[in-house]
Number of protein chains: 2
Amino acid sequence: MSSATRGRIAVALDAMGSDLGPPATVAGAAEVSRHPESPRLFVVGDADVVRKELEKHPHDRDKIRIVHAGEVIAQDDKPKEAVAQKPGASILVAAELVKAGECDVLVSAGNTGAVTLSCARMFARLPSVQRTALGAVYPTERRRGEKDDPFSLILDAGLTLEASAEDLVGFAVMGSAYSKCISRNARPRVGLLSVGGEESKGTEAVVKAHGVLKRVPGIDFIGNIEGMDIPRGTADVVVTSGFTGNIVLKMLEGISETVMRLARSAGEKSLQYKAGLLLLAPAIQRLRQVTDWQEYGGVPILGFDRLCIKAHGRSTQRAIRNALRVAHRAAHTDTIGSIRAGLEAAASVA
Amino acid sequence: MSSATRGRIAVALDAMGSDLGPPATVAGAAEVSRHPESPRLFVVGDADVVRKELEKHPHDRDKIRIVHAGEVIAQDDKPKEAVAQKPGASILVAAELVKAGECDVLVSAGNTGAVTLSCARMFARLPSVQRTALGAVYPTERRRGEKDDPFSLILDAGLTLEASAEDLVGFAVMGSAYSKCISRNARPRVGLLSVGGEESKGTEAVVKAHGVLKRVPGIDFIGNIEGMDIPRGTADVVVTSGFTGNIVLKMLEGISETVMRLARSAGEKSLQYKAGLLLLAPAIQRLRQVTDWQEYGGVPILGFDRLCIKAHGRSTQRAIRNALRVAHRAAHTDTIGSIRAGLEAAASVA
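Residues numbered from 1 in each chain as written. Chains lettered and ligands numbered in written order. Predicted model: local features only at pLDDT ≥ 70, side-chain atom pairs only at ≥ 80, totals over all residues.

Brief notes about the overall build of chain A
Within chain A, the secondary structure is distributed over 13 helices and 12 strands. Taken against the 2.2 N^0.38 rule, which gives 20 Å for 350 residues, the C-alpha radius of gyration of chain A at 21 Å falls within 12% of a compact globule. Taken along its principal axes, the extent of the C-alpha atoms in chain A is 65 × 55 × 40 Å. Among the 350 residues that make up chain A, the fraction classed as buried is 57%. The long-range share in chain A, meaning contacts at least 24 apart out of those at least 6 apart in sequence, stands at 75%. (Helix = DSSP H or I, 4+ residues; strand = E, 2+ residues; numbered from the N terminus. Rg over C-alpha atoms; globule rule 2.2 N^0.38 Å. Buried ≥ 20, exposed ≤ 12 C-beta atoms within 10 Å, placed from the backbone. Contact = placed C-beta atoms within 7 Å.)

Points about the domain arrangement of chain A
Residue and element names in this part refer to chain A. Here chain A is partitioned into domain 1 (3–129 + 303–333) and domain 2 (136–250). Just the C-alpha atoms count here: the centres of domain 1 and domain 2 sit 28 Å apart. With eight residues of domain 1 at the contact, the number on the domain 2 side is five residues. Residue composition of the side of domain 1 that touches domain 2, by class: three nonpolar, four polar and one charged. (Domains from an automatic or database assignment. Nonpolar A, V, L, I, M, F, W, Y, C, P; charged D, E, K, R; others polar.)

Observations regarding the interface of chain A and chain B
Contacts between the two partners involve 36 residues from chain A and, on the opposite side, 37 residues from chain B. For the side of chain A that touches chain B, the secondary structure elements donating two or more residues are α8 (229–232), α9 (242–269) and α10 (271–290) of chain A. Looking at the side of chain A that touches chain B, the element that brings in the most residues is α9 of chain A, giving 14 residues.

Remarks on the pairing of strand β3 (residues 64–68) of chain B
Residue and element names in this part refer to chain B. Strand direction decides the pairing type here: strand β2 (residues 40–45) and β3, joined by five bridges, are parallel. Counted as the bridge partner of F42 is R65 from β3. A crossover links β2 with its parallel partner β3, the connecting element being helix α2 (residues 47–55), and its sense is right-handed. (Pairing = 2+ DSSP bridges. Right-handed = clockwise from strand over helix to strand, strands pointing away.)

Side note on the environment of R189 of chain B
Residue and element names in this part refer to chain B. You can see R189 is positioned in strand β8 (residues 189–193). For R189, a count of 22 C-beta atoms within 10 Å corresponds to the buried category. Along the chain, R189 and F221 lie 32 residues apart, while their C-alpha atoms are 6.1 Å from each other. If we ignore the near neighbours within four places in the chain, the residues touching R189 are D220, I222, A235 and D236.

Quick notes on the sheet that holds strand β6 (residues 136–144) of chain B
Residue and element names in this part refer to chain B. On the basis of which strands lie adjacent, the open sheet formed by five strands has the order β6-β7-β10-β8-β9 and mixed pairing. The two strands at the open ends of the sheet, each matched to only one other strand, are β6 and β9 (220–225). Mean inter-strand twist for the sheet, computed between neighbouring axes without regard to direction, equals 30 degrees. Across five bridges, β6 lies against strand β7 (residues 149–155) in antiparallel orientation. Residue pairing in the sheet places Y138 in a bridge with S152 of β7. On top of the sheet, helix α6 (residues 165–182) reaches β7, β8, β9 and β10 (237–239); it is set at about 165 degrees to β10, its chief contact. Contacting β6, β7 and β8, helix α9 (residues 242–269) runs over the sheet at an angle of about 145 degrees to β7. (Axes fitted to C-alpha atoms, helices over the stretch in contact; angles between N-to-C directions.)

Let's talk about the relation of the copies chain A and chain B
In this arrangement, two copies of a chain are superimposed by a rotation about an axis accompanied by a shift along the axis. When chain A is fitted onto chain B, the two copies agree to an RMSD of 0.1 Å after a turn of 180 degrees and an axial shift of 0.0 Å. As the rotation angle and translation indicate, the two copies are arranged about a two-fold axis. For chain A, the smallest separation between a C-alpha atom and the rotation axis is recorded for G276 of chain A, amounting to 1.9 Å. The overlap is high: 100% of the interface residues of chain A also sit at the interface in chain B, so the same surface is used on both sides. (Least-squares fit on C-alpha atoms with pLDDT ≥ 70 in both.)

Topic: the packing of helix α6 (residues 165–183) of chain A against helix α13 (residues 335–349) of chain A
Residue and element names in this part refer to chain A. Following both chains from N to C, one finds α6 and α13 inclined at 145 degrees, their axes separated by 9 Å at the closest point. Here the hand of the crossing between α6 and α13 comes out right-handed. Within the contact between the two elements, α6 uses V169, G170, V173, M174, S176, A177, Y178, K180 and C181 and α13 uses T335, S338, I339, G342, L343 and A346. (Left-handed = near helix turned anticlockwise from the far one by under 90°.)

Notes on the pairing of strand β11 (residues 298–302) of chain A
Residues and elements named next belong to chain A. Burial runs high along β11: five of the five residues are buried. Bridge count for strand β5 (residues 133–134) against β11 is two bridges, and the pairing is antiparallel. By the bridge assignment for β11, A133 is matched with L302. As paired elements, β11 and strand β12 (residues 307–311) share four bridges and run antiparallel to each other. Bridged to P300 within β12 is I309. In this antiparallel pair of consecutive strands, β11 and β12, the connection spans four residues, and G303 shows a positive phi of 125 degrees.

Some words on the packing of helix α4 (residues 90–99) of chain A against helix α5 (residues 112–122) of chain A
Residues and elements named next belong to chain A. In the contact formed by α4 and α5, the axes pass within 9 Å of each other and the chain directions differ by 35 degrees. Handedness of the crossing formed by α4 with α5: right-handed. Facing α4, whose interface residues are I91, L92, A95, E96 and K99, α5 presents A114, V115, S118, C119 and M122. The residue inventory of the contact of α4 with α5, partitioned by class, reads seven nonpolar, one polar and two charged.

Remarks on the sheet that holds strand β8 (residues 189–193) of chain A
Residue and element names in this part refer to chain A. One open sheet holds the five strands; their spatial order is β6-β7-β10-β8-β9, and the pairing between them is mixed. Bordering the open sheet on either side are β6 (136–144) and β9 (220–225), each of which pairs with just one other strand. Neighbour to neighbour, the strand axes of the sheet diverge by 30 degrees on average, direction disregarded. In this structure, β8 lies alongside strand β10 (residues 237–239), joined through three bridges in parallel fashion. By the bridge assignment for β10, V190 is matched with V237. Here helix α7 (residues 204–213) sits on the sheet in contact with β8 and β9, set at roughly 160 degrees to β8.

Re unusual backbone geometry
Residue and element names in this part refer to chain A. Each neighbour pair has its own omega, and for L155 with D156 the value is 10 degrees, a cis peptide bond. Even without glycine at this site, S128 takes up a positive phi of about 75 degrees. Of note, S128 is situated in the loop between α5 and β5. Judged by local crowding, S128 falls into the partly exposed class, with 16 C-beta atoms found within 10 Å.

Description of the environment of G242 of chain B
Residues and elements named next belong to chain B. Turning to its location among the elements, G242 is positioned in helix α9. G242 sits 81 residues away from L161 along the chain, and the two C-alpha atoms are 4.0 Å apart. Setting aside anything within four residues of it in sequence, one finds G242 in contact with D156, A157, G158, L159, T160, L161 and A163.

Some remarks on the confidence of the model for chain A
Residues at a pLDDT of 70 or more form 96% of chain A, whose mean pLDDT is 92. As scored by the predictor, the complex reaches a pTM of 0.90 and an ipTM of 0.88. (pLDDT = per-residue confidence, 0-100.)

This is how it looks when you write it as structure tokens:
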């Protein structure tokens, strides 16, 4: 990399381990490198494979560095065993670049468990964070922030199945800081998922978390939200345990599949319905585009002193490109600094 | 009531306290009484009001008895306080008829908390039941049983927010027995809601409950199900804590509202979309009919030694009629006996 690129944000991209692998990850990196404002990109993986892929795509040589890693953790490897037995795996090598300060943020589309364990091994947890969270985004009825963003952030999406009151407070603060940095939403509304609007409604952990959150400065805590608020998008940041978060997210996925199947089967049974669906096709297409997860690219693993953006396992070139942009923005806006400050503010009232 | 009606099932109907009140509840009872196979109906409430309503509708005098209750618990009363301060409330008088053995099953469309507390005060919990559950039904993609029923039963819907492994096992057994009796589904598939299919996935309570459920005789335990299985209808009985169950149910409600609003707004913006929606109208109408909660009428409160069917607070005559039918069927098929047997079988392997 030339002197012209000094001072730029550096991203460590785990090029291996995703469903589509280097043909998608390297192509995404090549595309990003051509943008004048792009970060520096450390592409970590089998050097021969990465180099060959890179040659297929126009890219900016000054901004891309290939870092060799001789091993790969596959999507269906058992995370614990794989991380222990493959010290040369691309995800671990990439995480180490971030740990060492050579890179500012980690991006991977690999095995979620292995990515999380690599972070846990290489990074430190932020002060007062007992358990980390995976953020996830889902489309809602409401738009928000400068980007007219239809997505709400929900956390935890499955790392911390049973969250204590302290965990929930941490998720709220981290989610708010992340959303502020990424969604250009100056005052994200933070809602605590429960079974009623009153402060007294919910599990013991939820009730206790509510009591703390309403006193935390610097976040826009709108109180408890309920199940119907999820599709409405009442909150920009939805706070819940990993168990409930995972079920909510998979339900949303399942419902959209069910609706599509019902529509297809109606269209096959009747010409009238087929015609109706054809007339509605542009609206359906537009809805699909607006709510496409590939537009979002990646979601954060929060709670560590280093940044990690997890891209979807099925990431295409476009999804990787967007994940790299999210990572760049998260590093550029000092998301970790904002999270640290938020956690300190929360600790002061707890 | 004449001698001709002896031996029939008797239902105690709380006629007061629902949103529409006696005009709906009494009309529903009158309609049911005219069916030759109908149960006897004890209509509990302000005798003057009930009598006046009853006169408006053709009914079978031999099958209806008015039981006076001088007080009413309103939908927005605080349950605990109301049950303590209004001993003459229709729900308590109706529950007492069931406790005393004069009636076989209780039906109410009133304040859910007050109905539950009235059951807790008047009835005993079945052996081994620590905490009771409210069942709820929701429409799915799949049809089941003799009735081609699109509904799955989910429990708990909100009575027991934090369920232990023992609670979850109890819910599974009670839900299976109820579903067998009511849905004419000889072998309801029981699924434990979790974050992955493997037995090791989930909270401590879920993992422990899985270990017991796979050994319980007499239920068709299909293992863990995930969020996407909810709309698909993979399980006929979905077992989860009241916290998650409540969120799932309200989310389903919210999503259908969001979809309707999006469709309406698309139709208002474009003639093409309006035409498309018109062509699809019969399919949408049919879907709405098939999935209408009023068709179902009522859901069970399970875990007591007496039966209680809770009808929706907004119940119309039609919903009350269907709730009375469900109650009749539940009593007629000895649902309590089946639940008792199921709980004994579960206790033998726990």
